[in-house]
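Below are the chains, spelled out letter by letter.
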Amino acid sequence: MTAISSRAIQIDATGGPETMQLRQIEVPAPGPGELRIQHKAVGLNYIDVYFRTGLYPMGLPATLGMEAAGVVESVGEGVSGFQPGDRVAYVAAAPGSYADLRTLSADTVCQLPDDISFETGAAMMLKGLTAQYLLRRVRGQHELVAGDHILFHAAAGGVGLIACQWARALGLQVIATAGSAEKCALALANGAAHAINYREENFAERVREITGGAGVKVVYDSVGKDTFEGSLASLALFGLMVSFGNASGPVPPVAPLALAQAGCAYLTRQTLFTHLKQGRATVDAMAGDLFDVIRSGQVKIHIDQRFALEDVQQAHRALEARQTTGSSVLTL
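Residues numbered from 1 in each chain as written. Predicted model: local features only at pLDDT ≥ 70, side-chain atom pairs only at ≥ 80, totals over all residues. Heavy atoms only, no water.

Some details on the overall build of the protein
As a reminder, the rule being used: Going along the chain from the N terminus, every DSSP run of H or I of four or more residues is numbered as a helix, and every run of E of two or more is numbered as a strand. Contact criterion: two residues are considered in contact whenever any of their non-hydrogen atoms come within 4.5 Å of each other. Positive: Lys, Arg. Negative: Asp, Glu. His and the chain ends are not part of the count. Here the site of a charge means atom NZ of a Lys, CZ of an Arg, CG of an Asp or CD of a Glu.
A tally of regular secondary structure across the protein gives 10 helices and 16 strands. With respect to the principal axes defined by its C-alpha atoms, the protein has extents near 65 × 40 × 35 Å. In the protein, the proportion of contacts linking residues at least 24 apart, taken out of those at least 6 apart, comes to 70%. Mean positive and mean negative side-chain charge positions of the protein (26 and 31 charges, respectively) differ by 2 Å.

Right under this line is the structure:
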């Protein structure tokens with residue numbers, strides 16, 4: 001096996017969307033434990049912006065992108081369970097999916113069922129597995145049971161729409177926040193019991209009204225700086241604050257006393273890859289849970305934006321302006 005030429009979106013320096021350039025690169029043959037995958041569709045995620053801007057450091061030059069779906073082109077030594085021609089989807093701990101072809105570790109690559117399309121596979125791995133660990137693996141003092149209220153920010157985004165549907169399937173009452181009436185309506189149509197336009201209402205006050213003053217057992221917050229204080233104020237006694245993103249900027253340092261004042265709240269900062277690095281059994285269990293809920297029809301992946309690979313700058317501008325809903329993919 002030899003290296004193969006491929007189109008890729010790379011950056012030489014961190015900065016705005018203009019730093020991303022379409023280039024030809026050489027994709028190496030797979031080494032031990034690796035696969036080379038011919039991509040059919042590539043997922044677009046806000047974490048890609050974090051890498052592009054330098055919020056999450058990486059070596060340069062670099063190819064962006066965390067997830068994709070496609071076909072195994074070749075298999076490296078020592079890899080079991082995969083062969084050329086297999087349909088696969090993955091989310092990777094290191095960027096590199098904005099390309100036609102990629103060589104990467106097989107550790108987080110999963111067999112893609114025949115009845116799930118490549119676009120759906122590319123759009124759902126990072127976001128769907130994020131929703132899976134948030135709802136199924138993260139636990140505070142309180143166990144969530146059917147009928148409980150939870151607060152989910154950015155509910156009209158890719159993770160949010162999956163989480164709203166999945167939470168409804170689990171019997172949970174989702175209080176969703178979003179930045180427009182249209183996005184609130186979208187969250188409601190996808191399983192949220194209540195939706196709050198945070199641009200027009202104080203969401204913490206509305207949460208108290210909805211819950212009869214009790215607050216919610218869990219808040220899921222990927223927005224960060226702009227919503228953190230309100231999120232703490234929305235919690236029930238001994239509630240769990242789950243931070244998993246920084247779309248509005250990183251949360252400033254938090255004094256432990258603030259957690260006491262929020263009703264002895266629990267605070268955790270979660271990442272998907274901490275869950276995935278526990279090994280193949282965990283990866284397969286999480287992916288299997290996701291695939292099952294997709295195939296059952298309880299959760300649908302909404303691909304609301306498609307951009308050609310060469311239009312990636314436009315795609316990032318739309319992401320940063322919060323002009324997207326649901327999931328977005330790059331087409332090849």
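Here we look at the sheet that holds strand 2 (residues 21-27)
Quick reminder of the rule: Paired strands are those between which DSSP finds at least two bridges.
Spatially, 2-1-4 is the arrangement adopted by the 3 strands of the open sheet, whose pairing is antiparallel. Edge positions in the sheet fall to strand 2 and strand 4 (62-63), since each of these pairs with one other strand and no more. As defined by bridge partners, strand 1 (residues 4-11) adjoins strand 4 across 2 bridges and the pair is classed as antiparallel. Bridge pairing in strand 4 places Ile-11 opposite Ala-62.

Quick notes on the packing of helix 1 (residues 46-53) against helix 10 (residues 312-320)
What counts here: Lines fitted to C-alpha atoms define the axes here, with helix axes fitted over just the stretch in contact, and angles between the N-to-C directions of these axes take values from 0 to 180 degrees. In these notes the angle categories are as follows: under 35 degrees is roughly parallel, over 145 is roughly antiparallel, 65 to 115 is roughly perpendicular, and the rest is oblique. Ten residues, namely Ala, Val, Leu, Ile, Met, Phe, Trp, Tyr, Cys and Pro, are considered nonpolar, four, namely Asp, Glu, Lys and Arg, are considered charged, and the remaining ones, Gly among them, are considered polar.
Viewed as axis vectors pointing N to C, helix 1 and helix 10 meet at an angle of 105°, and their least axial separation amounts to 10 Å. Between helix 1 and helix 10, the angle falls in the class roughly perpendicular. Only His-316, Leu-319 and Glu-320 of helix 10 make contact with helix 1, whose side of the interface consists of Tyr-46, Asp-48, Val-49, Arg-52 and Thr-53. Of the residues that constitute the contact of helix 1 with helix 10, the class distribution is 3 nonpolar, 2 polar and 3 charged.

Side note on the packing of helix 2 (residues 118-136) against helix 3 (residues 158-169)
How we decide: For any pair of crossing helices, the crossing counts as left-handed if the nearer helix is rotated counterclockwise from the farther one by less than a right angle, and right-handed if it is rotated clockwise.
Across the interface, helix 2 lies against helix 3 with an axial gap of 9 Å and an inter-helix angle of 45°. Considering the angle they form, helix 2 stands oblique to helix 3. The handedness of the crossing between helix 2 and helix 3 is right-handed. Across the interface between the two elements, Lys-127, Gly-128, Thr-130, Ala-131, Gln-132, Leu-134, Leu-135 and Arg-136 from helix 2 touch Gly-158, Val-159, Ile-162, Ala-163, Trp-166 and Ala-167 from helix 3. Counted by class, the contact of helix 2 with helix 3 contains 8 nonpolar, 4 polar and 2 charged residues.

As for the sheet that holds strand 9 (residues 149-152)
On the basis of which strands lie adjacent, the open sheet formed by 6 strands has the order 11-10-9-12-13-14 and parallel pairing. Looking at strand neighbours, the two that pair on one side only are strand 11 (194-197) and strand 14 (266-269), the edges of this open sheet. For this sheet the average axis-to-axis angle between neighbouring strands, irrespective of direction, equals 15°. Note that strand 13 (residues 235-243) and strand 14 share 4 bridges and pair parallel. The residue bridging Leu-240 from the neighbouring strand is Tyr-266, located in strand 14. In this fold helix 5 (residues 203-210) packs onto strand 9, strand 10 (173-178), strand 11, strand 12 (216-221) and strand 13, with an angle of close to 155° to the strand it touches most, strand 11.

A short note on unusual backbone geometry
With an omega of -5°, the peptide bond between Leu-60 and Pro-61 qualifies as cis. Secondary-structure assignment places Pro-61 in the loop between helix 1 and strand 4. You will see that Ala-154, though not glycine, has its phi angle at about 50°, which is positive. Relative to the helices and strands, Ala-154 resides in the loop between strand 9 and helix 3.

Some points on the pattern of salt bridges
We count it as follows: The term salt bridge refers to a pairing of a side-chain nitrogen on Lys or Arg with a carboxyl oxygen on Asp or Glu at a separation within 4 Å. Relative accessibility under 20% of the residue-type maximum defines a buried residue, over 50% an exposed one, and the middle range a partly exposed one, all with a 1.4 Å probe and only protein chains included.
Evaluation of the coordinates by the stated rule reveals 15 salt bridges. With a shortest N-O distance of 2.8 Å, Arg-7 and Asp-100 are connected by a salt bridge. Placement of Arg-7 in strand 1 and of Asp-100 in the loop between strand 6 (87-91) and strand 7 (101-105) is noted, with a sequence separation of 93 residues between them. Classification of Arg-7 by relative accessible area gives partly exposed; the value is 22%. Glu-143 is the salt-bridge partner of Arg-139, the closest N and O atoms lying 3.0 Å from each other. What you see here is one network of salt bridges that share partners, running through Arg-7, Asp-100 and Glu-310.

Quick look at helix 1
With respect to burial, helix 1 is a largely interior element, 6 of its 8 residues being buried. Among all positions of helix 1, only Ile-47, Asp-48, Val-49, Tyr-50, Phe-51 and Arg-52 are buried. Along its buried surface, helix 1 packs onto strand 1, strand 3 (34-44), helix 2 and helix 10. Gly-54, located one to two residues past helix 1, shows a positive phi value of around 95°.

Considerations on the layout of surface pockets
A probe as big as a water molecule, rolled over the atoms, marks out the empty space that is left. The cut-off we apply is this: Any residue with an atom within 4 Å of a point lines the site, the site being either a cavity, points on a 1 Å grid over the protein atoms alone where a 1.4 Å probe fits but cannot get out, or a pocket, an open set with protein on both sides within 12 Å along at least 5 of 7 lines. Grid points are joined across faces, edges and corners, and a volume is the space filled by probe spheres set on the points.
By volume, the largest pocket amounts to about 990 Å³. Every residue lining the largest pocket is counted, 45 residues in all, and those nearest its centre are Tyr-46, Tyr-50, Val-159, Ser-222 and Ala-247. Of all the elements in the fold, those that place two or more residues in the lining of the largest pocket are helix 1, helix 2, helix 3, helix 8 (272-276) and strand 16 (327-331). For the lining of the largest pocket, the class distribution of residues is 23 nonpolar, 17 polar and 5 charged. A volume near 230 Å³ is recorded for the second largest pocket. Mapped onto the lining of the second largest pocket, the elements with two or more residues apiece are strand 7, helix 8 and helix 9 (280-295). The biggest single contributor to the lining of the second largest pocket is strand 7, with 3 residues.

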